[in-house]
Protein chains: 2
Amino acid sequence: MSNTNVLPLLEPAPGETAAPCCPPLTERPFTAEEAETAARMFKALGDPVRLRLFSAVASHEGGEACVCDISDVGVSQPTVSHHLKKLKEAGLLTSERRGTWVYYRVEPSVLAAMGKLLTIGPAAV
Amino acid sequence: MSNTNVLPLLEPAPGETAAPCCPPLTERPFTAEEAETAARMFKALGDPVRLRLFSAVASHEGGEACVCDISDVGVSQPTVSHHLKKLKEAGLLTSERRGTWVYYRVEPSVLAAMGKLLTIGPAAV
DNA sequence: CACCTGCTTCGATGAACGTCAACATAGACA
DNA sequence: TGTCTATGTTGACGTTCATCGAAGCAGGTG
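This text gives an overview of the structure that appears in the document. Since the structure is predicted, the reported quantities are computational estimates derived from the model, not experimental observations.

## Description of the protein's contact with DNA strand C
- In the vicinity of DNA strand C lie 23 residues, with A:Arg50, A:His83, B:Gln77, B:Ser81 and B:Tyr104 positioned nearest.
- Near the protein, meaning within 4 Å, the atoms of DNA strand C are sugar or phosphate in a fraction of 75%, with bases accounting for the rest.
- For DNA strand C, a phosphate oxygen lies 2.9 Å from a polar atom in the backbone of A:Ser76.
- When contributions to the surface near DNA strand C are tallied by element, the ones reaching two or more residues are α2 (48-59) and α4 (77-89) of chain A together with α3 (67-70), α4 (77-89) and β3 (101-106) of chain B.
- With 5 residues, the single largest contributor to the surface near DNA strand C is α4(A).
- Residues belonging to the surface near DNA strand C are distributed by class as follows: 9 nonpolar, 9 polar and 5 charged.

Set out below in structure tokens:
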């Protein structure tokens, strides 16, 4: 159980930016299902500690980092582990054990999908 | 108290896309303060009902909508009002009363700032 | 004035969340 | 084998949150 397989919303889409879960927020009203799906991602980033952890991983060299490199966010180590698990469950991170350390890695397609969500569509303004 | 004045993080920045609260997530690890600020926005969108309301407003003609147009999201009307207030406090919406109805409107600069946050910077991958 | 409609605020309740201390597990090394 | 270090898991506690019904406020209409 080293790698996550719970990407809940977007297929890997090998080619490019993957099929996002939902259209841009400004295109049309979200259905209940779309909202449920997208809210899960936003909620995962809705905690300051998780945001710092995610940013630390995303900005780390190679797009991955071991827990020891990023666990200096002012909370106890179990709490860090708990938040990393949450990010993993939300499909934003994947993890892999290499020897002593566990490395976390960002899922670029998810970033792209969320960015597309926030695109200002033709209907706005 | 018709218009929000609590845009917590980004100055209106009359010129263009406003100064976003934080750099792209992938540029460098967020500081505690940046994370606190950005997490407030993500948390506001981290609820399915709020996401539907926000999307309904954002996609409505003219970028604004009265409560009566968007309150069909499966929860009671006071709950709708509560969520709209949350979105307003997060700086994502503004409201204005015109006669009988209250109109909510999206804050485009915030959308742009969040989109920029999710940009994939040079450090990633 | 009275009445109705649209929306917000108030108070309460149950669920979800963040946090920690303690324990468990996995690998490295002697 | 034993021990040490690095992580993940469990259980509990206090806080925050989403939701509702009821009451309150504002504006329009008779």
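## Thoughts on the pairing of β3(B)
All names here are of chain B.
- Bridge count between strand β1 (residues 64-66) and β3: 3 bridges; the pairing is antiparallel. Residue pairing for β3: cysteine 66 is matched across the bridge by tyrosine 103.
- The turn linking strand β2 (residues 93-98) back onto β3 is made up of 2 residues, and glycine 99 within it adopts a positive phi angle of 70 degrees.

## Some points on the interface of chain A and chain B
- Each partner contributes to the interface: chain A provides 36 residues, whereas chain B provides 36 residues.
- For the chain A and chain B pair, buried surface summed over both sides reaches about 3000 Å², with 73% attributable to carbon and sulfur atoms.
- Counting across the chain A and chain B interface gives 0 salt bridges.
- Listed by contribution, the elements that provide at least two residues to the side of chain A that touches chain B are α1 (32-44), α2 and α5 (108-117) of chain A.
- Sorting elements by how many residues they give to the side of chain A that touches chain B places α2(A) first, with 8 residues.
- Among the residues forming the side of chain A that touches chain B, the class breakdown is 22 nonpolar, 8 polar and 6 charged.

## Re the relation of the copies chain A and chain B
- Between the two copies, chain A and chain B, the superposition gives an RMSD of 0.0 Å; the rotation angle is 180 degrees and the shift along the axis is 0.0 Å. As the rotation angle and translation indicate, the two copies are arranged about a two-fold axis.
- Most of the interface of chain A is mirrored in chain B, where 100% of its interface residues again form contacts.

## Regarding the protein's contact with DNA strand D
- Neighbouring residues of DNA strand D: 24 residues in total, closest A:Trp101, B:Arg50, B:Ser76, B:Thr79 and B:His83.
- Between a phosphate oxygen of DNA strand D and a side-chain N or O atom of A:Ser81, the distance comes to 3.2 Å.
- In the model, a phosphate oxygen of DNA strand D is placed 2.9 Å from a nitrogen or oxygen of the B:Lys86 side chain.
- The set of elements that each furnish at least two residues to the surface near DNA strand D consists of α3 (67-70), α4 and β3 (101-106) of chain A together with α2 (48-59) and α4 of chain B.

Definitions and limits used
- Residues numbered from 1 in each chain as written.
- Chains lettered and ligands numbered in written order.
- Predicted model: local features only at pLDDT ≥ 70, side-chain atom pairs only at ≥ 80, totals over all residues.
- Heavy atoms only, no water.
- Near = heavy atom within 4 Å.
- Polar contact = N/O pair within 3.5 Å; in protein donor to acceptor, adjacent residues only side chain to side chain.
- Helix = DSSP H or I, 4+ residues; strand = E, 2+ residues; numbered from the N terminus.
- Nonpolar A, V, L, I, M, F, W, Y, C, P; charged D, E, K, R; others polar.
- Pairing = 2+ DSSP bridges.
- Contact = heavy atoms within 4.5 Å.
- Buried area = accessible area lost by both parts, 1.4 Å probe.
- Salt bridge = Lys/Arg side-chain N within 4 Å of Asp/Glu carboxyl O.
- Least-squares fit on C-alpha atoms with pLDDT ≥ 70 in both.

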